[in-house]
Amino acid sequence: MRDHSRDNSATPLLNWVAYSSVAAIGVAAIVSGIVISGVSLYRNLTSGVSRQPDPTEPQIAESVDLESKNLACFKESHSAIAANGSVSDTDIRSLQPNERLDIESAELENTITSFGERTLIQEEASIAQQIENRSDKLKNFGTAKKQGTEQYAVGQYQDAVSKFKAARDIYKNSPESLIYLNNALANQAGKSYALAVTIPLKNGQQDNDLRTSMAVLKGVAHAQDEINKAGGIQGVPLQILIVDDFDNSPKSAEAVAQILAKNQSVLGVVGHDASKATLAARKVYESSQLVSISPTSTSAVLPPGHTFAFRTVPNDIAVVEKIADYLLDHNRKKIAVFYEEDTEIVSTSYSEPVKESFEAFVNNNIPNGQVVKEFNLADLDSDKRESFISSLKQLTIAGAIDTIMLVPSQSDASVLRALETATLSRQLSESLLIIGNDAMYDSRISQCGDTFAKMVAVSFWDMNFARTNISSIPLQFVRRASSSAEQTNNSLWDTNDIHWISAMAYDATMAFGKALRENHPSPTRTNIATSLSSARFSIDGATGIVKFDNNGDRIGTARLVKLLPTNAINQEDAQYDFQPIFSE
């Protein structure tokens with residue numbers, strides 16, 4: 001899934017405000033445009049259908065009220081908050097990615113990496129003021145955090161600890177502050193082991209990248225905090241080097257990997273994010289024998305045989321197998337697939353490969369299964385829109401399809417186009433099964449009442465599943481990562497929601513933690529790789545048992561969830577949430 005070079009994620013994106021503490025400035029405008037254009041869209045859908053309906057054909061809705069239902073529900077969640085973070089134009093981070101890479105490696109390293117001596121997520125202060133209704137108090141957050149980095153930079157770690165604690169007291173949802181706090185405490189202890197985490201900040205201009213970065217950091221910060229509070233690695237605390245992977249491109253990732261490969265204090269890397277970036281970095285890590293564990297790169301095309309490359313997230317094959325198995329179990333054989341096509345301008349690097357893998361799996365594993373038609377979601381925002389709508393309408397009326405398969409990329413626009421398609425499909429026929437990839441596992445959908453009820457989506461990790469897991473680790477993770485009533489004083493964040501990316505990043509960090517313990521007191525890059533590659537290696541993580549196969553892939557499968565009412569006293573008051581599908 002996660003591939004931001006695919007124009008990314010979310011994500012599921014889950015609760016964008018709670019998970020990543022970030023809101024997209026332009027999303028409300030996009031959604032508003034979809035809602036307005038959607039009204040005329042449905043007028044087109046219902047026009048020209050004058051014959052009496054055949055009871056054997058899908059039932060077509062006569063009217064649609066998009067302004068009060070459906071996608072209108074997204075307006076409130078995205079227009080209420082705007083993140084106006086800015087980055088100084090006087091430093092290297094203000095340069096375009098290709099300009100940055102022309103800078104000397106040492107100077108670049110001193111700008112895009114930090115144990116606590118500089119703030120990389122400069123947007124956090126303004127984000128905090130926008131999200132919280134305590135703007136006067138939160139003005140002090142940025143000041144306290146900046147003072148902490150200044151004290152850290154000159155080796156005044158005790159003062160840095162005090163300032164980072166103050167920043168956390170003001171604004172709890174800052175993973176960068178928690179990591180720097182634990183790093184400062186580790187420096188006071190003397191010896192420490194270091195891991196790096198790469199995050200795609202892209203100057204904060206790409207909201208998807210910033211949301212992903214925050215989710216990754218929350219998972220890594222959670223694991224570091226847990227490890228160090230339990231006594232570290234046999235008494236040695238863990239430090240985290242945060243690295244700005246800027247635009248998530250292969251070229252950027254390769255430059256970052258070269259910097260980390262030369263830094264001998266770094267024993268492992270949590271990252272990268274986009275599959276193309278991960279692949280480019282792997283080549284460098286392989287030659288320098290530096291282990292990387294990606295919590296988000298899912299592409300099935302990543303070549304096997306990398307001794308030093310692992311991932312905690314299942315790959316795309318696991319996704320398509322899970323979806324195809326569900327279709328087979330429910331006798332769904334006529335499928336329309338909606339995906340995002342790569343262009344010269346935008347490379348999704350995710351949607352098309354998943355679509356192709358899915359079609360191949362359907363052809364080989366579902367008797368008489370057929371992908372009846374492919375739709376490019378981008379056509380909804382082009383002069384091909386009318387043709388897109390007309391073709392979907394004709395297929396549905398003719399009964400030529402029984403399933404809508406949504407495979408958007410992780411970009412805001414792509415997910416919203418998929419949601420518009422889901423609304424279209426639901427209006428055309430309630431009997432159509434709507435099923436989607438992990439990008440459709442999005443908490444915004446659950447805020448739309450019954451509009452998307454019974455939609456099925458892929459979930460790499462789900463809080464409801466964690467709460468019902470027989471293992472205690474997922475439940476403990478949920479309790480400490482969310483501010484539930486019984487855990488408010490002990491929770492790390494001021495939120496009730498957890499992004500699946502955070503859970504995967506937590507597991508990647510904890511896997512490194514176990515490998516470090518196995519090789520204490522002399523862990524090296526090579527013996528860490530040997531530990532992770534062992535058939536005996538496993539951890540009981542937030543997402544379940546984490547084991548790796550010979551290719552470094554996560555052994556396991558994706559899960560499916562369905563949007564269902566959680567308190568259906570009556571239809572109007574029902575609240576909806578994605579619930580794990582254990583059996584049907």
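Nothing here was measured: the structure is a model prediction, and the numbers come from that model.

Along the chain, Ser-459 turns up in strand E11 (residues 456-459). Look at Ser-459 and you get buried, because its relative accessible area is 1%. Polar contacts involving the side chain of Ser-459 include one to the main-chain carbonyl oxygen of Trp-461, which spans 2.8 Å. When near neighbours in sequence (up to four residues on either side) are disregarded, Ser-459 contacts Tyr-441, Ala-558, Arg-559 and Val-561.

Per the counting criterion, the structure on display carries 12 aromatic pairs. Ring centres of Phe-375 and Phe-388 lie 5.1 Å apart, and the angle between their planes is 65°; on these two criteria the pair is classed as edge-to-face. Of this pair, Phe-375 sits in strand E8 (residues 370-376) while Phe-388 sits in helix H15 (residues 385-397), and the two are 13 residues apart along the sequence. Across the pair, Phe-388 and Phe-375 agree in class, each one buried. Note on Trp-461 and Phe-477: the rings are 5.7 Å apart at their centroids and 85° apart in plane angle, and the pair reads as edge-to-face.

This paragraph deals with the pairing of strand E14 (residues 559-565). In the sheet, E11 pairs with E14 via four bridges, with the strands oriented antiparallel. Looking at E14, one finds that Ala-457 is bridged to Val-561. Sheet topology places E14 next to strand E15 (residues 576-580); five bridges connect them, and they run antiparallel. Paired with Lys-562 across the strands is Gln-579, a residue of E15.

The subject of this paragraph is the sheet that holds strand E10 (residues 433-436). Overall, mixed pairing links the seven strands, which are arranged E8-E7-E9-E10-E11-E14-E15 in an open sheet. Each having just a single partner strand, E8 and E15 make up the two edges of the open sheet. On average, each strand axis in the sheet is tilted by 25° relative to the strand beside it, whichever way the strands run. Sheet strands touched by helix H13 (residues 316-329): strand E7 (334-339), strand E9 (403-407), E10, E11 and E14. Its angle to E10, the strand with the most contacts, is close to 165°.

On the basis of which strands lie adjacent, the open sheet formed by six strands has the order E1-E3-E2-E4-E5-E6 and mixed pairing. The open sheet has two edge strands, strand E1 (113-114) and strand E6 (309-311), and neither has a second partner. As judged from the two bridges shared by E1 and strand E3 (residues 238-244), these two strands associate in the antiparallel manner. Following the sheet pairing, Ser-114 is matched in E3 by Ile-242. Of the strands in this sheet, strand E4 (266-270), strand E5 (291-294) and E6 are in contact with helix H21 (residues 525-533), which crosses E5 at around 45°.

What follows concerns the environment of Ser-443. Considering the arrangement of structural elements, one finds Ser-443 in helix H17 (residues 443-446). Taking C-alpha positions, Ser-443 is 9.9 Å from His-499, a pair spaced 56 residues apart along the chain.

Helical geometry: 3.6 residues make up each α-helical turn, so side chains three or four residues apart lie on a common side. The first and last C-alpha atoms of H13 sit 20 Å apart over 14 residues, in line with the 20 Å expected at 1.5 Å per residue. The secondary structure elements touched by the buried residues of H13 are E7, helix H14 (351-365), E9, E10, E11 and E14. For H13, the side-chain oxygen to backbone nitrogen distance between the N-cap and Ile-317 is 3.0 Å, and the N-cap itself is Asn-315.

Pairing of side chains with opposite charge becomes possible as their charged atoms draw close. Throughout the structure, instances matching the rule amount to 10 salt bridges. Its salt-bridge partner being Glu-150, residue Lys-146 comes within 2.5 Å of it at the nearest N-O pair. With Lys-146 and Glu-150 both in helix H7 (residues 135-153), this residue pair falls four residues apart, about one helical turn. Looking at Lys-146, the relative accessible area reads 49%, which means it is partly exposed. You can call Glu-150 partly exposed: its relative accessible area is 39%. The partner of Arg-311 in a salt bridge is Asp-553, with the nearest N and O atoms 2.6 Å apart. A residue pair is termed long-range when its members are at least 10 positions apart, and Arg-311 in strand E6 and Asp-553 in the loop between strand E13 (544-546) and E14 qualify at 242 residues. Since its relative accessible area comes to 1%, Arg-311 is described here as buried. Accessibility expressed as a relative area gives 14% for Asp-553, which makes it buried. One connected set of salt bridges, linked through shared partners, spans Asp-225, Lys-229 and Arg-480.

Attention shifts here to unusual backbone geometry. Of note, the bond from Gly-271 into His-272 is cis; its omega dihedral lies within 30 degrees of zero at 5°. Within the secondary structure layout, His-272 lies in the loop between E4 and helix H12 (275-288). With omega at 15°, the peptide bond leading from His-520 into Pro-521 counts as cis. Inspection of the secondary structure puts Pro-521 in the loop between helix H20 (500-519) and H21. Of note in the backbone geometry, Gln-234 takes a positive phi value of approximately 50° without being a glycine. Summarising the element assignment, Gln-234 is placed in the loop between helix H10 (207-229) and E3. For Gln-234, a relative accessible area of 52% corresponds to the exposed category. Phi angles above zero are rare outside glycine, and Lys-454 is one such case at about 75°. With respect to the helices, strands and loops of the structure, Lys-454 is situated in the loop between H17 and E11. Residue classification places Lys-454 among the exposed positions, given a relative accessible area of 58%.

Calculation rules
Residues numbered from 1 in each chain as written. Predicted model: local features only at pLDDT ≥ 70, side-chain atom pairs only at ≥ 80, totals over all residues. Heavy atoms only, no water. Helix = DSSP H or I, 4+ residues; strand = E, 2+ residues; numbered from the N terminus. Buried < 20%, exposed > 50% of the residue type's maximum accessible area, 1.4 Å probe, protein only. Polar contact = N/O pair within 3.5 Å; in protein donor to acceptor, adjacent residues only side chain to side chain. Contact = heavy atoms within 4.5 Å. Phe/Tyr/Trp six-rings, centres within 6.5 Å; stacked < 30°, edge-to-face > 60°. Pairing = 2+ DSSP bridges. Axes fitted to C-alpha atoms, helices over the stretch in contact; angles between N-to-C directions. Expected span 1.5 Å × (residues − 1). Salt bridge = Lys/Arg side-chain N within 4 Å of Asp/Glu carboxyl O.

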